[in-house]
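# Geometric and topological summary
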Amino acid sequence: MSDFNVTGAEGTVSIKPPPETPKLPPRLWIKENLFSSPFNIFLTVASTGILLILGRGLLSFIFSHERQWGSTATNLRLLMTQAYPEEQYMRVWVCVGVIFTLTGLSMAVWNAGSRVALRRLGSFLLSTGVVIDILTLLAPFSSSATIIWLCVGTGISLFGGSLVKFSDEDKTMSVLTVTVIALAVAILSLWVVPYGHHSFVFERTPRSLAEAGTVALTTKLPWTIMLLIGIAAYFAGKAIREKVSQNVLRVSVLTIWFLAPPALLYLVLRDPDFDMGHVLNTDIPIFLVFAAVGAGLLFWLTRPTAGELGKVIAAITLLIGFGSFLTPMRMIIRILILLLAIFAISAPTFAGDTQTRRRYSLGWIGVSGVTCWLVTAINTPSTVEVPGSFFIGGVSLTLLIAIFTIVISFPLGILLALGRTSTMPIFRILCTWFIEFVRGIPLITILIFFSIMFPMFLPKEMEIGEVASIVIGYSLFSSAYLAENVRGGLQSVTRGQHEAADAVGMTTPQKTLFIVLPQALRVSIPPLVSHCIGVFKETSLLAIIGLFDILYIARNVIPNQTEFLGSVRENLLFVCLIYWILSYQMSKASQRLERRVGLGER
Amino acid sequence: MSKLFKLLSLFLAVGVVAAACSSDSSDDAGTTTAAPAETTEAPATTAVELDADGSLLDTVIARGKVHCGVSGSAVAFSETQADGSVTGFDADYCRAVAAAVLGDANAVEFVALTASERFTAVQTGDVDLLMRNTTWTQSRDSDLGMDFGPTTYYDGQQLMARVSDGFDASSTVADLDGAIVCTNAGTTTEKNIAEAAELAGADIELLAFETSDEVYETFIAGGCDITTTDGSALVGRKVKQQPADQEWVIFPATPISKEPLGPTYGQNDSVWADVINWTVYATIIMDEYGIGSSNVDDHVNDPGEVGRLLGGEGELQTVMGLSADAFYQVIKQVGNYSEIYNSNLNPVGLVREGSANAGWLDGGLIYAPPAR
C-alpha cells in the first residue's frame, strides 16, 4: 500500500511504477528456474529429452530421402492460386503491391512500430543461432551440409553475442527497421538460392513451368520491387502526415483498406470485360439519378425540424424497397432503394447544422457510387479463363472466403446482438431464435446445404455461384456466434452509462452508436479475434464439399498427379505451416490491439 | 400541404425512373444471350435447363463451351496439373466432345466434382456431361435419372498383395483366409470384397481408410496384407510406389466386380446423347482402321465408313446437328481411342494388349456399331 499516494482534496492519485525485478545472470537464472529442486531437475531433463526426440523425429521426416518435396515446390502455384493463368500474373503482383503500399502508408500514418533495445535483439539472435546449431546436430544431414549449417548458426550466434557485449545499455532500434532488414535479407536470398523458382524440382529433369521472361517464372524481381514500394509508401506517408490533418488522413486510409478487397478481387484479379455502351447508357444514369434524388432527400430529411414526417418518408422508402422485389427490375435499383431507406431511417441521428447535413448527403453519394461500381463489376463477365468454376483457388480462395465472411458477419453479428438485447419483443425473439437455431447446426451441414441445396431454392432465373452461396451461409453461421460474443460485451456496459446517455438527451441510436457499442466492442476484442481465427481455420471444411481450397489441393489433387503419386504427407505439412503463419499473425495483431486500447489495464 | 405534394411528386419521379429501367432490363434479357445483363433475371447463360423442346446441344453451341464434370484428382484419368490444366483419359474425352460439337478441343470448362455432388451437378445443369470414373449401374440408370454412353474403360476390382506372403498372379479370393485387407471407406469396393470373401468362404479382416494414400502407406508399412480397389488404380500404385525391397502382385486375373466407366449425362435428351455416343464410337472406329491424328488428313476422301465419318460423301453428322467435319476434328485434335489410351494410361503401367480394353478384333470388349 505504500506505493499509493492519495493526495486527498484534489483526488489526484499518483502511482509509482512497481519496482523492477533485478535481472539475474544466466547461470543463476538457470539454477533458480530449472534446477531449483530434485523434482524440477527431473522435469527439466525429461522435457528436454522429449523435445530433442520430437525434434529429431520431425527433422528426419522432413529431410528423409523418401520425401517428395518436389511435389510441393512444383505445385506451389496450384497451392496458392489454383489455375490463375500465368500471362495474367501481373494482376496478382499489382494486388500485392497495393497491399504493400497501404501497409507502408498505414505504418507511417499511425506512427507504428515500437523500439527494441539492441541488447535484446542480440540475445534473440544468439539463441536463434544456438537453436539452429542444435537442430543441425539432430538432423540427418550429410557431413558437408552439417558443417555449413553449423557455420551459419554459429555466425548468427557470434553476431548476436557481439551485439549484446558491445552495444550500449540504452541503445535502441526501431522495430520497423529490423523488419525491413529481415525482409531484405530474405528477398536477397531469393537472388542467390533458386527456391520458389518454378523449375526447381528435385528428382526429375528440371522443367520450367512458365515461359522465360514472364512474371510467372520467378518471384525475385517482383518481391524486390514490392519491398521498395512498401518502403517508399512509408516515407510518402510520413511526408503527407506533416501536411494533412490526422483525422482526415486516417479516415481516408481506412476507407481505402475497406474498399481494397472487393476492388482488387473484382476489378483487378477478375478483370471484368466492361460493356462501355451499357455502362454509359444504363449504369451511370441510374447512379446519377439516385445520387441526385437521394442527396436531395437526405439533405431535406436531416433538417432538425423534419420530425415525424421524415420518419414516415423513411418508412415508405423501406416499403418501396421491399415491394420492388415483387416486380421485375434491375437488382441494383432494389439495392439502392433499400440503401437509401437505411440512410433515411438513420437521418435524424445525423441532423444538425448545414455542414453536417451536406456531409451526410455527400456520404450517400459516395456509398451509392461505390455500390453501383461494385455491382456493375461483379455482374460483368470475367475475361480470366481458368478450368473449374471459380477464377481462384488454393490459399487465395481460403483467404477470400475468410475475409468476406469476417467482414460480412461483423455488422450482422452486432445487429443480432443488439436485437437480442433489445427491449422490442419481436426483434428480441426473432434474433434469439435465429442465433439459437444456427448455433444448433454444425458448420459442415450449413456448408453442404448452401453448396448443394441453396441454388435449388432460388427462383428459376436466378443464378448464384457456389463460392458466393457458401460465403452467405458461412456468414450467417459466423454472425450467430459473433453475436453472442458481442452480447457478452454489451452486458458488461454498466447501467450508469445508459442512464448518463439518457440524461444528456441522446436518442437510442446515438446512445448505442457512441456510448454503448464502443465500450462493448472494446471488452469483446479477445473473443472476437479468436472467433476470426476460428473462421479462418474452419475454411478447411470447404475441402470436404470439394472446393479447391489449399487443403483439398494438398490432400486430394497433388497426391493424384502421376509424377507425385502418394505425396500427401509433405503437402499436409506445408499446409499446416501456412495455416500456422497466418493464424499466428492474426493473434499477434490482436495482442497489439489489446495493448493499444488498454485492455486488462484499466 | 405543399410539402406533401412535393414529396409525392418526388416518389412519382423515383417510380418513373424505376419503371423505365425495369422495362429496359427486360429488353436486355431478350436480346443479349452472351453477356449476363445486370439483373437477377440474367439470361440463361449458365443455367442449362432441359427445355421441353430444345436439346442441350443447342445450349452448348450457343454458349460456345462444353462444361465437363471430371474428378480432377484421379490418377491418369483426370489429374489437375501444376499449372492448373486438367489432363488424363477422361479429360481427353471431354476435349473430344468439345472438338465434335464446337470444332475446338480447348473449348472445355472442366468442373471438378466430388463423388457425392456429381449427379446433382448434372441435374442442376452445372455440367453438360460427366467423365468422372462413373460406373454404369442399374440404379443410377433408372432411379437417379442418368443416361450412360458407351463404356470407354472396362475396369474391375482386384487385389494386390506381396509375393513374399505367398501370393502370385494365380491366387484367388479363397486364398485370403485370415488376411487383413485395406480399402477406402464408404465406397462399393468395401462391399464388393466382403461379399466376394463370404462367397469364397474366406475369413478376412477389413481396415477402411479415408484416403487412398493412407491405404498404401499402411500397406507399404506392413499394416495390412492385401489392398483392394479398381484394377487401374492398383497398377498405377504398383508402378509408382512399390519399394525396392518388396514385390507386389495383382490378382485375380478376372476382377471380383465389373466397373464399366464411360460418359454420363441427364436422361431423355437423345440429341445430346447421340452426339456424345458417336464421338466415342468415332474414336473407336478410327482406331480399328488405324487412323490417328497424324494420318487423318490422308484419309478424308476415303470411300465408305471412314469417308462418311470424316465428313465426305454420305456423311451423317449434319443430321445429328453437328458440322460435317465434326469427327475429323476429334481425331485431328484429340486422337483415336488407342492414342488417347496410350498417352494417358501407359505411363502408369496400363496397357491395352490382353486387357478387356483391347479392340474386339484383338479379343477385348471395345466395339462400336457401324457408321452408315
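Everything numeric here is computed off the predicted structure, so don't read it as measured data. (Residues numbered from 1 in each chain as written. Chains lettered and ligands numbered in written order. Predicted model: local features only at pLDDT ≥ 70, side-chain atom pairs only at ≥ 80, totals over all residues. Heavy atoms only, no water.)

### Some points on helix 12 (residues 337-345) of chain B
Residue and element names in this part refer to chain B. Considered for burial, the residues of helix 12 that qualify are Tyr-337, Ser-338, Ile-340, Tyr-341, Asn-344 and Leu-345. Buried residues along helix 12 cover an arc of 165° about the axis, so they all sit on one side. Of the surrounding secondary structure, the elements contacted by the buried residues of helix 12 are helix 3 (89-102), strand 8 (153-155) and helix 9 (270-289). If you check the start of helix 12, you find a side-chain oxygen 3.1 Å away from the backbone N of Ser-338, and it comes from Asn-336. (Buried < 20%, exposed > 50% of the residue type's maximum accessible area, 1.4 Å probe, protein only. Helix = DSSP H or I, 4+ residues; strand = E, 2+ residues; numbered from the N terminus. Arc of directions from axis to C-beta. Contact = heavy atoms within 4.5 Å. Polar contact = N/O pair within 3.5 Å; in protein donor to acceptor, adjacent residues only side chain to side chain.)

### As for the pattern of salt bridges
Opposite charge on two side chains permits them to pair, given that their charged atoms come into close proximity. All names here are of chain A. The tally for this structure, following the rule as stated, stands at 16 salt bridges over all chains. Its salt-bridge partner being Glu-484, residue Arg-420 comes within 2.7 Å of it at the nearest N-O pair. Of this pair, Arg-420 sits in helix 15 (residues 394-420) while Glu-484 is found in helix 18 (residues 466-492), placing the two residues 64 residues apart along the sequence. Of the two residues examined, Arg-420 and Glu-484, each falls in the buried class. (Salt bridge = Lys/Arg side-chain N within 4 Å of Asp/Glu carboxyl O.)

### Quick look at the sheet that holds strand 3 (residues 78-80) of chain B
All names here are of chain B. The three strands lie next to each other as 2-3-4, forming an open sheet whose pairing is antiparallel. Of all the strands in the sheet, the pair left with one neighbour each is strand 2 (73-74) and strand 4 (86-87). Here two bridges tie strand 3 to strand 4, and the two strands are oriented antiparallel to one another. The residue bridging Glu-79 from the neighbouring strand is Thr-87, located in strand 4. (Pairing = 2+ DSSP bridges.)

### A closer look at the side chain of Glu-117 of chain B
Locating Glu-117 of chain B in the fold gives a position in the loop between strand 5 (108-112) and helix 4 (118-123). When residues no more than four places from it in sequence are discounted, the contact partners of Glu-117 of chain B are Ile-452, Glu-466 and Ile-545 of chain A together with Ala-112 of chain B.

### Here we look at the confidence of the model for chain B
All names here are of chain B. Of all residues in chain B, 85% have pLDDT values of 70 or greater, and the mean over the chain is 83. Predicted confidence in chain B is weakest over helix 1 (residues 2-31), with a mean pLDDT of 44, and strongest over helix 3, with 95. The low-confidence segment residues 12-52 (pLDDT under 50) makes 65 contacts with residues lying over four places distant or belonging to another chain. (pLDDT = per-residue confidence, 0-100.)

### What to know about the packing of helix 15 of chain A against helix 16 (residues 425-439) of chain A
Residues and elements named next belong to chain A. At a minimum axis distance of 7 Å, the contact between helix 15 and helix 16 shows a crossing angle of 125°. In terms of their interaxial angle, helix 15 and helix 16 are classed as oblique. The element helix 15 and its partner helix 16 pack so that their crossing is left-handed. Across the interface between the two elements, Leu-416, Gly-419 and Arg-420 of helix 15 pack against Phe-427, Arg-428, Cys-431, Thr-432, Phe-434, Ile-435 and Glu-436 of helix 16. Looking at the contact of helix 15 with helix 16 residue by residue, the class counts come to five nonpolar, two polar and three charged. (Axes fitted to C-alpha atoms, helices over the stretch in contact; angles between N-to-C directions. Parallel < 35°, antiparallel > 145°, perpendicular 65-115°, else oblique. Left-handed = near helix turned anticlockwise from the far one by under 90°. Nonpolar A, V, L, I, M, F, W, Y, C, P; charged D, E, K, R; others polar.)

### Let's talk about the packing of aromatic side chains
Centre distance and the angle of the planes are the two values used to describe a pair of aromatic rings. Overall, the coordinates contain 26 aromatic pairs over all chains when judged by the stated rule. Taken together, a centroid distance of 5.5 Å and an interplanar angle of 40° make the contact between Phe-343 of chain A and Tyr-360 of chain A tilted. Taken together, the residues span a long stretch of sequence, with Phe-343 of chain A in helix 13 (residues 331-345) and Tyr-360 of chain A in helix 14 (residues 354-379) at a distance of 17 residues. The exposure class assigned to Phe-343 of chain A is buried, which follows from its relative accessible area of 16%. Ring centres of Phe-89 of chain B and Tyr-337 of chain B lie 6.1 Å apart, and the angle between their planes is 85°; this geometry places the pair in the edge-to-face category. Remark: Tyr-337 of chain B occurs in helix 12 and Phe-89 of chain B occurs in helix 3; sequence separation between them is 248 residues. (Phe/Tyr/Trp six-rings, centres within 6.5 Å; stacked < 30°, edge-to-face > 60°.)

### Description of the state of the cysteines
Think of a disulfide as a covalent bridge from one cysteine sulfur atom to another cysteine sulfur atom. Residue and element names in this part refer to chain B. Taken as a whole and assessed by the stated rule, the structure comprises two disulfides over all chains. A disulfide bridge connects Cys-68 with Cys-94, and the sulfur atoms are separated by 1.9 Å. In this structure the cystine formed by Cys-68 and Cys-94 twists about its S-S bond by roughly -60°; its chirality is therefore left-handed. One end of the pair, Cys-68, is in strand 1 (residues 66-70); the other, Cys-94, is in helix 3, with 26 residues separating them in the sequence. For Cys-68, a relative accessible area of 0% corresponds to the buried category. By relative accessible area, Cys-94 is classed as buried at 0%. Disulfide pairing is shown between Cys-182 and Cys-224; the S-S distance is 2.2 Å. Its S-S torsion of about -120° marks the bond between Cys-182 and Cys-224 as left-handed, since a negative value means left-handed. (Disulfide = S-S within 2.5 Å.)

### Concerning the sheet that holds strand 10 (residues 180-184) of chain B
Residues and elements named next belong to chain B. With mixed pairing, the five strands of this open sheet are ordered in space as 11-10-12-9-13. Only two strands of the sheet have a single partner each, and these edge strands are strand 11 (205-209) and strand 13 (248-251). Each strand of the sheet is rotated relative to its neighbour by a mean of 30°, with strand direction disregarded. As paired elements, strand 9 (residues 157-162) and strand 12 (residues 226-230) share five bridges and run antiparallel to each other. Along strand 12, the bridge assignment pairs Leu-159 with Thr-228.

### Notes on the confidence of the model for chain A
Parts of the prediction with low pLDDT should not have their coordinates interpreted in detail. All names here are of chain A. When pLDDT is averaged across chain A, the result is 84; 90% of the residues are at 70 or more. Taken as a whole, residues 1-11 scores under 50 in pLDDT and shows 10 contacts with residues more than four places along the chain or in a different chain. This model gives residues 199-206 a pLDDT under 50, and the stretch forms 15 contacts once residues within four places in sequence are excluded.

### Some words on the environment of Val-215 of chain B
Residue and element names in this part refer to chain B. Structurally, the position occupied by Val-215 is in helix 7 (residues 212-221). Judged by its relative accessible area of 2%, Val-215 is buried. For the pair Val-215 and Ile-226, spaced 11 residues apart in the sequence, the C-alpha separation amounts to 9.9 Å. When residues no more than four places from it in sequence are discounted, the contact partners of Val-215 are Cys-182, Thr-183, Asn-184, Phe-209 and Thr-227.

### Side note on the packing of helix 17 (residues 443-457) of chain A against helix 18 of chain A
All names here are of chain A. At their nearest, the axes of helix 17 and helix 18 sit 9 Å apart, and the two run at 145° to each other. The two elements helix 17 and helix 18 cross, and the hand of that crossing is right-handed. Counted together, Leu-443, Ile-446, Leu-447, Phe-450, Ser-451 and Phe-454 of helix 17 and Glu-466, Ser-469, Ile-470, Ile-472, Gly-473, Tyr-474, Leu-476 and Phe-477 of helix 18 form the full contact between these two elements. Considering only residue class, the contact of helix 17 with helix 18 consists of 10 nonpolar, three polar and one charged.

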